[in-house]
Amino acid sequence: MNKLVCGILTLTFCLCCASALALDLSDIPEVRWEFSVSLTELKSQYAMLVNGDNLLDESFKPDPLVKVTGVKRATSAAVYLEKTAAEALQSMFNAAGMVTEFTYVNEKGKEKVATYGDKGMVLYLKSGYRSYGTQATTYANYLARNNNVDDGYVAKPGSSEHQSGLCADILNDTYAGRPTMTQDFKWTPEAQWMKANCAEFGFILRFLEEAEEETGIKFEPWHFRYVGKEIASYIMSRGITLEAFTEEANEAIADFEANGGDVEEQLAFEAKRLNAPPESFVLDEYGEDGDAEISLMF
């Protein structure tokens, strides 16, 4: 008797789920969004491209901008980031602290194993948000020290990602105490661990060694930019720049619209799916008791 009741309840549940799914299917846009990254992520503030061709206005300031806490700093000054980026950074620093052993490649091309004590791998935050005015001063001071030569190491005001509040310069204990950041930081286990794991927290290694001409900025193994996990995974798994990704994304949007896609409709659909309960449907499979199996899609 109990099995019969359970069977009836299961069948009723399945029919309700199937009906709900059928209703949901009617909301699917006629033109499918095919790009690997959701349109929602492409349209978010975290996907913004900041460089010499895409300048931030002098008045731009991230909101909300928060003081980064709970991490070690390579400076006595407070460091600020956009709130979501700051939280992601804290998570990455915490994850590094759980690392007790990491295999890396040294400057001689040899594999080495770095071991850490109870505190794990320790990262140091060097810098985050910089205002337009601060960047202008930084740029002018650098030119004064460098015989007025712009060699791509310091961004012009308005072209610096630091003004976005979405990037951070991160070092280890050895490099944290040095007066300048140098490219040989790439041979450290901390730099290599961050490059290998940053996407898990929504960050990318922004300025690649093999793409200096493309980005217009010299290789910076310490500079990590927050773009969100979806975009970060796409970029880091392909080893491309944010410039290349932005070009691909813009082409995907253009193709979508050329095929009759509606951007606002797609964004509304993605928002609905994001907030919807898990979808369920009856599989063409049966359990040992003979009842149909149910699949839940999260």
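Throughout, a residue's number is its position along its own chain's written sequence, starting from 1. Given that this is a predicted model, residues contribute local features only at a pLDDT of at least 70 and side-chain atom pairs are listed and counted only at 80 or more, while totals for whole chains, interfaces and linings are drawn from all residues. Side-chain measures were taken over the full set of non-hydrogen atoms in the model, leaving aside hydrogen atoms and water.

Peer 1: Pulling in residues and values, what's your account of a negative patch on the surface?
Peer 2: A cluster of acidic residues, Glu30, Glu257, Asp262, Glu264 and Glu265, forms a negative patch at the surface. One can find Glu30 in the loop between α1 (2-25) and α2 (39-42). Buried means the residue's accessible area, taken with a 1.4 Å probe over protein chains only, is under 20% of the maximum for its type, while exposed means over 50%, and partly exposed covers the values in between. On the accessibility criterion, Glu30 (79% relative accessible area) is exposed. Patches here: salt-bridge-free residues with over 30% relative accessible area, like charges joined within 9 Å, nonpolar side chains (Val, Leu, Ile, Met, Phe, Trp, Tyr) joined within 5 Å. Here, Shrake-Rupley sampling with a 1.4 Å probe gives the accessible areas, and only protein chains in the shown set may cover a residue. Within this document, salt bridges are pairs made up of a side-chain nitrogen of Lys or Arg and a carboxyl oxygen of Asp or Glu, the two lying within 4 Å of each other. In this tally Asp and Glu are treated as negative and Lys and Arg as positive; neither His nor the chain ends contributes. Lys charges are placed at NZ, Arg charges at CZ, Asp charges at CG and Glu charges at CD. Secondary structure counts use DSSP, requiring at least four H or I residues in a row for a helix and at least two E residues in a row for a strand, with both numbered from the N terminus.

Peer 1: Lay out the confidence of the model for the protein with the relevant residues and their values.
Peer 2: Detailed reading of the predicted coordinates is not advisable wherever pLDDT is low. For the protein, the average pLDDT comes to 89, and 84% of its residues sit at 70 or higher. Each residue carries a pLDDT score, the predictor's own confidence in it, on a scale running from 0 to 100. Least confident of the elements in the protein is α1, whose mean pLDDT is 46; most confident is strand β8 (residues 203-205), at 99. Between two residues, a contact is recorded if the distance between any of their heavy atoms is within 4.5 Å. Scored below 50 in pLDDT, residues 3-23 makes 9 contacts in the model with residues more than four places away or belonging to other chains.

Peer 1: For the environment of Asn146, give the residues involved together with the corresponding values.
Peer 2: Along the chain, Asn146 turns up in the loop between α4 (132-145) and β7 (167-171). On the basis of relative accessible area, Asn146 is assigned to the partly exposed category, the value being 22%. A distance of 2.9 Å separates a polar atom in the side chain of Asn146 from the backbone oxygen of Val149. N or O atoms closer than or at 3.5 Å make up a polar contact, with two conditions inside protein: a donor-capable atom paired with an acceptor-capable one, and, for residues adjacent in sequence, both atoms drawn from side chains.

Peer 1: Outline the nonpolar core, supporting the account with residue identities and numerical values.
Peer 2: Ranked by size, the top nonpolar core spans 39 residues in total, and within it Leu89, Met92, Ile170, Trp193 and Phe203 carry the most contacts. At the level of secondary structure, the elements contributing two or more residues to this core comprise α3 (83-96), β4 (101-105), β7, α6 (189-197), β8 and β9 (223-226). No other element matches α3, which puts 7 residues into this core. Look past the residues within four positions of Leu89 in its chain and what remains in contact with it is Val68, Leu81, Leu125, Ala168, Ile170 and Phe203. To qualify as a nonpolar core, a set must consist of buried Ala, Val, Leu, Ile, Met, Phe, Trp, Tyr and Cys residues joined through side-chain atoms within 4.5 Å. Formed by 24 residues, the second largest nonpolar core is a distinct cluster that contains Val37, Leu42, Ile204 and Ala249.

Peer 1: I'd like to hear about the environment of Leu242, residue by residue, with values.
Peer 2: Mapping Leu242 onto the fold places it in helix α9 (residues 242-258). What Leu242 contacts, discounting residues up to four positions off in sequence, is Met48, Leu49, Glu161, Ile204, Arg206, Arg225, Val227 and Ile235.

Peer 1: For the sheet that holds β8, give the residues involved together with the corresponding values.
Peer 2: Here the rule is simple: two strands pair whenever DSSP picks up at least two bridges between them. Taken in spatial order, the 5 strands of this open sheet run β2-β6-β7-β9-β8, and their pairing is mixed. At either end of the open sheet lies a strand with only one pairing partner, and these are β2 (72-73) and β8. Across 2 bridges, the pairing between β2 and strand β6 (residues 124-127) is parallel. For Arg73, the partnering residue across the bridge sits in β6 and is Leu125.

Peer 1: Can you explain the pairing of strand β5 (residues 111-115)? Please cite residues and give values.
Peer 2: Bridge count for β4 against β5 is 5 bridges, and the pairing is antiparallel. Along β5, the bridge assignment pairs Val105 with Glu111.

Peer 1: Which residues make up the pattern of salt bridges, and what are the values?
Peer 2: If you walk through the whole model with that rule in mind, you get 9 salt bridges. In this structure, the salt-bridge partner of Arg225 is Glu161, at a minimum N-O distance of 2.7 Å. Taken together, the residues Arg225 in strand β9 and Glu161 in the loop between α4 and β7 connect sequence positions 64 residues apart. Because the salt bridges share partners, they merge into one network encompassing Glu161, Arg206, Arg225 and Glu243.

Peer 1: Go over α4, please, and point to the residues and values.
Peer 2: Helix span is expected to be 1.5 Å times the residue number reduced by one. Over its 14 residues, α4 extends 20 Å from the first C-alpha to the last, a length consistent with the 20 Å expected when each residue adds 1.5 Å. Those residues of α4 that fall on the buried side of the exposure criterion are Gln135, Tyr139, Tyr142 and Leu143. All buried residues of α4 lie within an arc of 100° about the axis, which places them on one face of the element. The exposed set on the far side of α4, more than 90 degrees from its buried face, consists of Ala144 and Arg145. Looking one or two places after α4, you find Asn147, whose phi comes out positive at around 55°. As used here, the arc is the angular range of directions from the helix axis to the C-beta atoms.

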